[in-house]
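Survey of secondary and tertiary structure
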Amino acid sequence: MLDVIIIGSGPAGLSAAIYAMRAGLKTLVLERQPMSGGQILNTVDVDNYPGLPGIGGFELGDSFRKHAEKLGARFETAEVTGIETTDGKEKTVVTDRGRHKCRAIVLAMGAAHRLLGVPGEERLRGMGVSYCATCDGAFFRGKKTAVVGGGDVALEDALFLARGCERVYLIHRRDAFRGAKSLQQKVFDTPNIEIVWDSVVEEISGDGMVEMLQIINKKTGEKSDISVQGVFIAVGITPNTQLVCDLVDCDEGGYIRAAESGVTSVPGIFAAGDLRTKQLRQVVTAASDGANAITSIERYLYEE
């Protein structure tokens, strides 16, 4: 029987695999796709991972994977369809390729950014289209950018970008923000943030890089173009927890309730990465989560 099964092979899952192998645990990593890295595979340059400025997302994910493999971690490409906890100690992970028994599980399936679903979004992803201002904002210093959204994340992104960008257009489909009043006031007080009310993006265009947004005012029907070099889409994140929210305690947004330790409401099941409740979702915090989850598992298995 395996000591630990890690579901997911993004930075959190791969970090967990590295720490599990170093702890001498019999480990299996289950991944849906035969390519490790998670969301960073969609990032052209990762400029905020310590010691590796400007490394490509694919290169970083591949480096994490090779590190885990070098230590002996075993990988299997499979779709997880269920988790069984019969006696509370032995657990079974059911996949489309078979069943695996283990003593502990790390849930590291990550989260997915909600898309606008407009022409140009996928084509220019990583080429000016971003979903993380703290990840990519530094690339746009002195340039014109746009943020799409009206919640806390959108307001925070606009304020963050305004520190270094010439101008930030904050595009919101309604005539009032949903975000915290304190954030709203800061946005209103920031001179280089221009709010575009009642509007949605119809298309993102550019020749190899973002150059223009085509928007439409929902109330008047008026169409216009905004010239920008980057657009940050902040319309929400969906954690990949649909499979487990009936098993472990999740909050109203679907995030698994787990602190830095990774401990969930079910003994022997731990959460790491973007799918758990946390303040910051970055590669470095995901890697930290993987390490913390395995440390908690070592303690759990010892006490067991």
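Everything that follows concerns the structure shown earlier in this document.
One structure accompanies this document, and this report is about it. Everything quoted here is computed from the prediction, not taken from an experiment.

Rules behind the numbers
Residues numbered from 1 in each chain as written. Predicted model: local features only at pLDDT ≥ 70, side-chain atom pairs only at ≥ 80, totals over all residues. Heavy atoms only, no water. Helix = DSSP H or I, 4+ residues; strand = E, 2+ residues; numbered from the N terminus. Rg over C-alpha atoms; globule rule 2.2 N^0.38 Å. Buried < 20%, exposed > 50% of the residue type's maximum accessible area, 1.4 Å probe, protein only. Contact = heavy atoms within 4.5 Å. Disulfide = S-S within 2.5 Å. Pairing = 2+ DSSP bridges. Axes fitted to C-alpha atoms, helices over the stretch in contact; angles between N-to-C directions. Core = buried A, V, L, I, M, F, W, Y, C linked by side-chain atoms within 4.5 Å. Polar contact = N/O pair within 3.5 Å; in protein donor to acceptor, adjacent residues only side chain to side chain. Salt bridge = Lys/Arg side-chain N within 4 Å of Asp/Glu carboxyl O. Arc of directions from axis to C-beta.

Counting its regular elements, the protein chain contains 6 helices and 17 strands. Relative to its length of 304 residues, the protein chain is compact, with a C-alpha radius of gyration of 21 Å against a globular reference of 19 Å. Dimensions of the protein chain, computed from C-alpha atoms along their principal axes, come out at roughly 65 × 35 × 30 Å. Here the protein chain holds 304 residues, and the buried ones make up 52% of them. Long-range contacts, defined here as pairs at least 24 residues apart, represent 57% of the contacts in the protein chain between residues at least 6 apart.

All right, on to the state of the cysteines then. Scanning the model with the defined rule gives 2 disulfides in all. Put simply, Cys132 and Cys135 are joined by a disulfide, and their sulfur atoms are 2.2 Å apart. Since a negative S-S torsion denotes a left-handed disulfide, the Cys132-Cys135 link at about 70 degrees is right-handed. The disulfide bridge from Cys245 ends at Cys250, spanning 2.4 Å between sulfur atoms.

Strands belonging to one sheet form pairs held by backbone hydrogen bonds; the direction of such a pair is parallel or antiparallel. Strand order in the open sheet formed by 3 strands is β12-β13-β14, and the pairing between neighbours is antiparallel. Both outer strands of the open sheet, β12 (199-205) and β14 (223-227), are each paired with one neighbouring strand and no more. Adjacent strand axes in the sheet meet at a mean angle of 30 degrees, parallel and antiparallel pairs treated alike. The sheet contact formed by β12 and strand β13 (residues 212-217) spans 6 bridges and is antiparallel.

Buried together is how nonpolar side chains tend to be arranged in soluble globular proteins. Among the nonpolar cores identified, the biggest contains 33 residues, and Leu60, Val106 and Ile297 are the most heavily contacted of them. Secondary-structure elements contributing two or more residues to this core are β1 (2-7), α1 (11-22), α2 (57-70), β6 (98-107) and α6 (283-303). Tallying contributions element by element places α6 first for this core, with 8 residues. Contacts of Ile297, omitting those with residues within four sequence positions, involve Val4, Leu25, Ala104, Ile105, Val106 and Phe270. Counting 20 residues, the second-largest nonpolar core is a separate cluster that includes Leu107, Val244, Cys250 and Leu275.

Moving on, we get to the sheet that holds strand β9 (residues 144-148). Across the sheet, 5 strands lie side by side as β8-β15-β9-β10-β11; this open sheet has parallel pairing. If you trace the sheet from one side to the other, it starts and ends with β8 (129-130) and β11 (193-196), each paired once. Direction of pairing for β9 relative to strand β10 (residues 167-171): parallel, over a ladder of 5 bridges. Directly across from Val148, in β10, lies its bridge partner Ile171.

Of note, the phi angle at Asp198 is positive, near 55 degrees, even though the residue is not glycine. Take Asp198: it is sitting in the loop between β11 and β12.

On to the side chain of Ser130, then. If you trace the backbone, Ser130 turns up in strand β8. A distance of 2.6 Å separates polar atoms of two side chains, one belonging to Ser130 and the other to Asp136. Among all residues touching Ser130, those that are not within four sequence positions of it are Asp136, Val231, Phe232 and Ile233.

Within this structure, the stated rule accounts for 15 salt bridges. Across the pair Glu31 and Arg65 runs a salt bridge, and its minimum N-O distance is 2.9 Å. In this pair, Glu31 is assigned in strand β2 (residues 27-31) and Arg65 in helix α2, connecting sequence segments 34 residues apart. On the accessibility criterion, Glu31 (2% relative accessible area) is buried. The closest approach of N and O atoms between Asp175 and Lys219, which form a salt bridge, is 3.1 Å. In this pair, Asp175 sits in the loop between β10 and α5 (181-188) while Lys219 sits in the loop between β13 and β14, placing the two residues 44 residues apart along the sequence. Connected through shared salt-bridge partners, Glu31, Arg65 and Glu69 make up one network.

The next thing to look at is α5. Restricting attention to buried positions, one finds in α5 the residues Leu183, Gln184 and Val187. Down the axis of α5, the smallest arc covering the buried residues is 100 degrees, so these residues share one side. For α5, exposure combined with an orientation more than 90 degrees from the buried face picks out Lys181 and Lys186. Tucked into the core, α5 has its buried residues touching α4 (152-162), β10 and β11.

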